[in-house]
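As a plain string of letters, each chain reads:
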Amino acid sequence: MIIGQYIESGVNWLTDNFSGLFDGINTGMSSLIELIEAFWTGIPFYITIALFTALALWKAGRKNAVLTLVGLVFIYFTGFWEETMQTFSLVLASAIIALAIGIPLGIWSAKNKTANSIIRPILDFMQTMPAFVYLIPAVLFFGLGTVPGAFATIIFAMPPVVRLTSLGIQQVPEDIVEATKAFGATPRQLLVKVQLPLAMPTILAGVNQTIMMSLSMVVIASMIGAKGLGEIVLQGISQLRIGLGFEGGLAVVLLAIILDRITQNLGQNQKKK
Amino acid sequence: MEKIKIEKLSLVFGKGKAKALKMLDQGKSKAEILDATGCNVAVRDANLTINEGEIFVIMGLSGSGKSTLLRCINRLINPTTGKIFVNNEEITNMSDKELLNIRRKELAMVFQHFGLLPHRTVLSNVAFGLELQGIEKDEREVKAQETIDLVGLKGYENQKVSELSGGMQQRVGLARGLANSPEVLLMDEAFSALDPLIRSQMQDELLLLQEKMQKTILFITHDLEEAIKLGDRIAIMKDGEIVQVGTSEEIITNPADDYVESFVENVDRSKIVTAGSIMFKKPKVARLKKDGPAVVLRTMRDLGLSSMPVVRTNRTFLGFVKLEDVVDLKKKEIKTIESIIRDSVMTVNPDETVEDMLPLLSKTNLPIPVVNEENHLLGVVSPTSLIAETTGKDKGEINEIIQKAIEL
Ligand SMILES: Nc1ncnc2c1ncn2[C@@H]1O[C@H](COP(=O)(O)OP(=O)(O)OP(=O)(O)O)[C@@H](O)[C@H]1O
Ligand SMILES: [Mg+2]
């Protein structure tokens, strides 16, 4: 295929000319991931469980706090605590970077028509691609390991927060925006004092989706050498050890439920206050 | 003193404005321009002068360009051509920075749907304009609290605005506008979203506040009653054009065209039309010392009058003489009319409305004299024209009705 050839030479050109850049990104990301991972695998499990439960109690209510406590204790007894923390660290690192890029992109596309008309089709394209396709450029740029896994995750998980940030800002009622301008707000004041606070519930819904998509991708990314629960599942599949695969999968599901409950209620809680 | 001046302002929405503007110059209609270019002419060659301290109302049907014109003044929308001056400073060529400053300090706006920040309290909404100016929290909250008290929201300052009723929300909107101590208030259908009762209350309060503050207020409405109640002067817009500017009375008694007339035809004229505008000016009078019964009788016969006002030489009004008395007097050969003057009649001043004059009809069948402060006669209002004003029938019809009544 001709297109394939072009893509290949394009990627080669990128890796040849920007290897310095990729190396930089590589070092930066791996040290961030290592830092986060060192923290979560470093502290004793009961402190982690206590922290999560407290957070759930604060943000998501008593029922979800109980769920969190039970879920994490269960994971601890499956024996995959360390893998779970690795996965969580990778999710955290990827989501932080995805949000750090995605939220400003969303703001930009809400405010600028040209930006919007460029970003929107790219997001559509990204969302229709099967998840593991992102693994290919990640491997080409960064080789195998955790960093390409995180890279693929960032790309995969970014669209919802971009989309929902943009949507949230555009949904701020026109008369409020107009009133704010009429009282002499600068574009920055408009954004910080009015648009972002009013868009916050929508943006937080985007944050939740981005975190959940990060988790699903981090598991897939073990195919290219990312550490964590994905490895267990992969082992279970390749070695036909059904029990192992099931336990790993269960831990993923539990982690997903816990993360979802806590982050889902971020927005709602904010609104009620 | 003039506060705001709008000169040859036109505003066209859409692409290909150049062609639309050219067609505007050629005097093509809004519909023709829309057909030919796809451009929507929202405001067309508007010229207005708004004086300091007045409430100036802009009225017109939906889509006539009122909001657009108003938004040109603080440049929420930039006019396509034309100039706007506030305090003789041209707004239309200001830099962004100057514009921010004038929006913060001089022009405040109140919106139909309030445009408040639902996630904030009343106090912080009212202080919002000051916050944008970078004024310290303590200082701005003191100022905001004063304004909250002024609009009657004392005790509500810590409520979230989303928990308030519409009327209260608009008080917050008004307070937010006033907190900046602006010179000009731009109010776009500010009371249109409110219940009739609350609406009328807010109108009264605005008038009360205005007595204290003497701001320049530009008020938009499509309700004539509201325009009449609030407006010192009214401009009427149609399809982007200003078709008439004047006091409510000028507009009602003398509508510029059919459009304006259709606007004013349903209004209760008796509350607006005054003695000054329906009186017969400079009526024939009998001068006390100069005109004897013979002269008076001849004038009355010539003009077919049954009564005539009597004045001193300096036009001070004294009363009426009736035809039969004059005839009597002449028979008795008395030389002055002093003895037959009926001086118990009520006088009115020129701003008295028709509604106020109606009760006088039952007390007298004489014309009602209109006098100024020095009691000089300015004119007379005949009972027929008074009835004509209240019923909307013309004088001929009324005379016919009276005639029939007499025959019966
Ligand atoms: N942003 C816009 N883009 C295009 N056309 C517009 C825009 N805003 C207003 N118009 C058009 O300009 C004309 C004047 O609108 P405007 O809102 O000023 O009318 P209005 O007199 O305030 O009406 P209403 O009483 O409904 O508020 C209308 O024909 C309207 O459709
Ligand atoms: Mg309008």
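On a predicted model such as this, the values are computed, not experimentally measured, just so you know.

Asker: Would you take a moment to explain the overall build of chain B for this structure?
Answerer: Looking only at helices and strands, chain B features 18 helices and 16 strands. Its C-alpha radius of gyration of 28 Å places chain B more than 25% over the 22 Å reference for a compact globule of 408 residues. Evaluated residue by residue, chain B yields a buried proportion of 49% over its 408 residues. Look at the contacts in chain B between residues 6 or more apart in sequence, and 64% of them connect residues 24 or more apart. Computing the positive centroid from 54 side-chain charges and the negative centroid from 61, chain B places the two 3 Å apart.

Asker: It is not clear to me how the interface of chain B and chain A should be interpreted in this structure. Could you clarify?
Answerer: Frequently, the measure chosen for interface size is the accessible area that the parts lose on association. Residue-level contacts link 25 residues of chain B with 17 residues of chain A. Carbon and sulfur atoms make up 64% of the area that chain B and chain A hide from each other, which totals about 1,700 Å². At the boundary of chain B and chain A, one finds 2 salt bridges. A salt bridge links R71 of chain B to E178 of chain A, with the shortest nitrogen-to-oxygen separation between them at 2.5 Å. Our count for the contact surface shared by chain B and chain A stands at 6 residue pairs in polar contact (both at pLDDT 80 or more). Those elements giving two or more residues to the side of chain B that touches chain A turn out to be α4 (96-105), β6 (107-110), α6 (128-132) and α8 (166-179) of chain B. The dominant element in the side of chain B that touches chain A, judged by the number of residues it contributes, is α6 of chain B, at 4 residues. Looking at the side of chain B that touches chain A residue by residue, the class counts come to 11 nonpolar, 7 polar and 7 charged.

Asker: Help me understand the site of ligand 1, please; the structure alone is not making it clear to me.
Answerer: Residues and elements named next belong to chain B. The full set close to ligand 1 counts 14 residues, and S62, G63, K66, S67 and T68 are the nearest of them. Note that an oxygen atom of ligand 1 is positioned 2.5 Å from one of the side-chain N or O atoms of S62. In the environment of ligand 1, an oxygen atom lies 3.1 Å from a nitrogen or oxygen atom belonging to the side chain of E189. Isolated, ligand 1 exposes 630 Å² of accessible area, and the fraction of that covered by the protein chains is 61%.

Asker: Looking at this structure, how should I read the layout of surface pockets?
Answerer: One way to see where empty space is left: roll a probe the size of a water molecule over the atoms. In this structure, the largest pocket encloses a volume near 530 Å³. When its residues are assigned to classes, the lining of the largest pocket shows 14 nonpolar, 7 polar and 3 charged.

Asker: I'm lost on unusual backbone geometry in this one. Help?
Answerer: Trans peptide bonds make up most of the peptide bonds, and negative phi angles are found at most residues other than glycine. All names here are of chain B. Phi is positive for S181, which is not a glycine, with a value near 45°. The residue S181 is located in the loop between α8 and β7 (184-188) in this model. Phi angles above zero are rare outside glycine, and N375 is one such case at about 65°. Inspection of the secondary structure assignment puts N375 in the loop between β15 (368-371) and β16 (377-381).

Asker: I tried to follow the nonpolar core on my own but got confused; where do I start?
Answerer: Side chains that are nonpolar tend, in soluble globular proteins, to be buried together. Counting 70 residues, the largest nonpolar core has L174, M187 and F219 of chain B as the members making the most contacts within it. Residues from two domains meet in this core; each of domain 1 (2-106 + 182-267) and domain 2 (275-407) of chain B gives at least three.

Asker: I'm lost on the packing of aromatic side chains in this one. Help?
Answerer: Aromatic ring pairs are reported here in terms of the distance separating the ring centres and the angle at which the planes meet. Residues and elements named next belong to chain A. Tallying each qualifying case throughout the model produces 18 aromatic pairs over all chains. Judged by centre distance (5.2 Å) and plane angle (80°), the rings of W40 and F88 are edge-to-face. Here W40, found in helix α2 (residues 19-42), pairs with F88, found in helix α4 (residues 81-111); they are 48 residues apart in sequence, far enough to count as distant. Side by side, W40 and F88 carry an identical accessibility label, which is buried. Here the aromatic residues F45, Y46, Y76, F77 and W81 are joined through ring pairs into a cluster of three or more. Over the ring of W58 we find K59; its NZ or CZ atom is 4.4 Å from the centre of that ring.

Asker: What am I meant to see in the domain arrangement of chain B here?
Answerer: Taken domain by domain, chain B holds domain 1 (2-106 + 182-267) and domain 2 (275-407). The centre of domain 1 of chain B, based on its C-alpha atoms, is set 43 Å off from the matching centre of domain 2 of chain B.

Asker: Got a minute to help me understand the side chain of T84 of chain A in this structure?
Answerer: Residue and element names in this part refer to chain A. By secondary structure assignment, the location of T84 is in helix α4. Of the residues examined, T84 reaches a relative accessible area of 0% and is grouped as buried. When sequence neighbours within four positions are dropped, the list of residues in contact with T84 reads I75, L229, A251 and L255.

Asker: Would you mind going over the packing of helix α7 (residues 137-150) of chain B against α8 of chain B with me for this structure?
Answerer: Packed helix pairs are characterised by how far apart their axes lie and by the angle those axes make with each other. Residues and elements named next belong to chain B. With their axes 9 Å apart at the nearest point, α7 and α8 run at an angle of 135° to one another. The pairing of α7 with α8 is recorded here as oblique in orientation. The two elements α7 and α8 meet at a crossing, and its hand is right-handed. Together, K143, T147 and L150 of α7 and A175, L178 and A179 of α8 make up the contact between the two elements. For the contact of α7 with α8, the per-class residue count stands at 4 nonpolar, 1 polar and 1 charged.

Asker: Explanation requested: the pairing of strand β1 (residues 2-13) of chain B in the structure shown.
Answerer: Here is the key point about a regular strand: its side chains alternate between the two faces of the sheet. All names here are of chain B. Strand direction decides the pairing type here: β1 and strand β2 (residues 40-51), joined by 8 bridges, are antiparallel. The residue of β2 that forms the bridge with F13 is N40. Taken together, the 5 bridges between β1 and strand β4 (residues 81-86) define a ladder with antiparallel strand orientation. In the sheet register, I6 faces β4, and the bridge partner there is I84.

Asker: Honestly, the side chain of S64 of chain B in this entry has me stumped. Any pointers?
Answerer: Residue and element names in this part refer to chain B. Assignment of secondary structure puts S64 in the loop between β3 (55-60) and α3 (66-73). Owing to a relative accessible area of 2%, S64 belongs among the buried residues under this scheme. Setting aside residues up to four positions removed in sequence, S64 forms contacts with A42, M237, K238, D239 and G240.

Asker: How should I be thinking about empty space enclosed by the protein in this particular structure?
Answerer: Residues and elements named next belong to chain B. Tallied over the entire structure, the rule returns 1 cavity of 30 Å³ or more. Approximately 40 Å³ is the volume attributed to the largest cavity. Lining of the largest cavity is provided by V345, M346, L360, T364, L366, P367, I368 and P369. Of the residues in the lining of the largest cavity, the class split is 7 nonpolar, 1 polar and no charged.

Asker: Help me understand the state of the cysteines, please; the structure alone is not making it clear to me.
Answerer: Think of a disulfide as a covalent bridge from one cysteine sulfur atom to another cysteine sulfur atom. A complete count under the given rule lists 0 disulfides over all chains for this structure. Lacking any disulfide linkage, C39 of chain B is separated from the closest cysteine sulfur, that of C72 of chain B, by 15 Å.

Asker: Where do I start with α3 of chain B in this structure?
Answerer: Quick reminder: α-helices carry 3.6 residues per turn. Residues three or four places apart thus point the same way. Residue and element names in this part refer to chain B. Within α3, 7 of the 8 residues are buried, leaving the element largely enclosed by the surrounding structure. Among all positions in α3, only K66, T68, L69, L70, R71, C72 and I73 are buried. Where α3 ends, the next residue or the one after it, R75, has phi of about 55°, a positive value.

Reading the values: the criteria
- Think of each chain on its own: its residues are numbered from 1, step by step along the sequence as written.
- Here every chain gets a letter starting at A, and every ligand a number starting at 1, in the order they are written.
- pLDDT decides what is reported in this predicted model: residues at 70 or higher carry local features, side-chain atom pairs at 80 or more are listed and counted, and totals for whole chains, interfaces and linings draw on all residues regardless.
- Water and hydrogen atoms play no part in the side-chain values, which are based on all heavy atoms of the structure.
- A run of DSSP states H or I qualifies as a helix once it reaches four residues; a run of E qualifies as a strand once it reaches two. Both are numbered from the N-terminal end.
- In this setup the radius of gyration rests on C-alpha atoms only. A globule is expected at 2.2 Å times the number of residues raised to 0.38.
- Relative accessibility thresholds used throughout: buried, under 20% of the residue-type maximum; exposed, over 50%; partly exposed, between the two (1.4 Å probe, protein chains only).
- Contacts were defined at the residue level, with two residues in contact if any of their heavy atoms lie within 4.5 Å.
- The sign given to each residue is positive for Lys and Arg and negative for Asp and Glu; His and the chain ends receive no count.
- Here the site of a charge means NZ on Lys, CZ on Arg, CG on Asp, or CD on Glu.
- Take the accessible area each of two parts loses on contact, using a 1.4 Å probe, and add the two losses: that sum is the buried area.
- Whenever a carboxyl oxygen of Asp or Glu lies within 4 Å of a side-chain nitrogen of Lys or Arg, that contact is scored as a salt bridge.
- For the purposes of these results, a polar contact is taken to be a pair of N or O atoms within 3.5 Å, where, inside protein, one atom must be able to donate a hydrogen and its partner to accept one; residues adjacent in sequence count only when each atom of the pair is a side-chain atom.
- Ten residues, namely Ala, Val, Leu, Ile, Met, Phe, Trp, Tyr, Cys and Pro, are considered nonpolar, four, namely Asp, Glu, Lys and Arg, are considered charged, and the remaining ones, Gly among them, are considered polar.
- The near set for a molecule or strand comprises every residue that places at least one heavy atom within 4 Å of it.
- Per-residue and other accessible areas were derived by the Shrake-Rupley procedure at a 1.4 Å probe size, with only the shown protein chains allowed to occlude residues.
- Both cavities and pockets are sets of points on a 1 Å grid over the protein atoms alone; in a cavity a 1.4 Å probe fits but cannot get out, in a pocket the set is open with protein on both sides within 12 Å along at least five of seven lines, and lining residues sit with an atom within 4 Å of a point.
- Grid points are joined across faces, edges and corners, and a volume is the space filled by probe spheres set on the points.
- In this text, buried Ala, Val, Leu, Ile, Met, Phe, Trp, Tyr and Cys residues form a nonpolar core when linked through side-chain atoms within 4.5 Å.
- A domain assignment, automatic or from a database, supplies the domain bounds used here.
- Each pair of aromatic rings taken from Phe, Tyr and Trp, with Trp reduced to its six-membered ring, is defined by centres within 6.5 Å and is described as stacked if the planes are under 30 degrees apart, edge-to-face if over 60, and tilted in the remaining cases.
- The criterion for a charge sitting over a ring is simple: Lys NZ or Arg CZ within 6 Å of the ring centre, and within 35 degrees of the ring normal.
- Axis lines are fitted to C-alpha atoms, over the contacting stretch for helices. Their N-to-C directions set the angle, which ranges from 0 to 180 degrees.
- Every angle not falling under 35 degrees, over 145, or within 65 to 115 is termed oblique; those three ranges are roughly parallel, roughly antiparallel and roughly perpendicular.
- Helix crossings get a hand from a simple test, with the near helix turned counterclockwise from the far one by less than a right angle marking a left-handed crossing and a clockwise turn marking a right-handed one.
- Paired strands are those between which DSSP finds at least two bridges.
- Any cysteine sulfur atom paired with another within 2.5 Å is treated as part of a disulfide.

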